[in-house]
Amino acid sequence: DEFELNDIATVQHNPESQPGIKHLSHITKTIRQHDIRCLFYNEGENSRLISALQEQTSVTAQTLNPAGIGLNESEETWFTIMESLASDISTCLNN
């Protein structure tokens, strides 16, 4: 409530299978029903699913990298990850 963000749903997808039409339809309906503007997903997740949702709705999608994949580990890594997450979330919500 402090940041006025609403977590409507979390979708976990099995990377070894594609979502069915019924599942995709349910997610699309949820996005439209709740006027979801921004969809966050972890780096490496199913880009086909994300692309399909963007084609079917007006949702903006933003990759998040909470594990710091690809970053060189240093004393500043945690701060770099947190700044990147804040920037990515802000960018998506302000589109």
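Placed above this text is the structure.
The structure displayed is predicted, hence computed values, not measured ones.

Honestly, the overall build of the chain in this entry has me stumped. Any pointers?
A tally of helices and strands in the chain yields three helices and two strands. The secondary structure elements of the chain, listed N-terminal to C-terminal, are α-β-α-β-α. In terms of principal-axis extent, the alpha carbons of the chain reach across some 45 × 35 × 20 Å. Relative to its full complement of 95 residues, the chain shows a buried share of 27%. Considering only intrachain contacts with a sequence separation of at least 6, the fraction spanning at least 24 residues in the chain is 48%. When the accessible area of the chain is evaluated, it comes to approximately 7,500 Å², of which 47% is carbon and sulfur surface. Of note, the chain has its 5 positive side-chain charges centred 22 Å away from the centre of its 14 negative side-chain charges.

Criteria and thresholds
Residues numbered from 1 in each chain as written. Predicted model: local features only at pLDDT ≥ 70, side-chain atom pairs only at ≥ 80, totals over all residues. Heavy atoms only, no water. Helix = DSSP H or I, 4+ residues; strand = E, 2+ residues; numbered from the N terminus. Buried < 20%, exposed > 50% of the residue type's maximum accessible area, 1.4 Å probe, protein only. Contact = heavy atoms within 4.5 Å. Areas by Shrake-Rupley, 256 points an atom, 1.4 Å probe, with all protein chains shown as cover. Lys, Arg positive; Asp, Glu negative; His and termini not counted. Charge placed at Lys NZ, Arg CZ, Asp CG, Glu CD.

Spatial relationships are all this shows, so hold off on functional conclusions.
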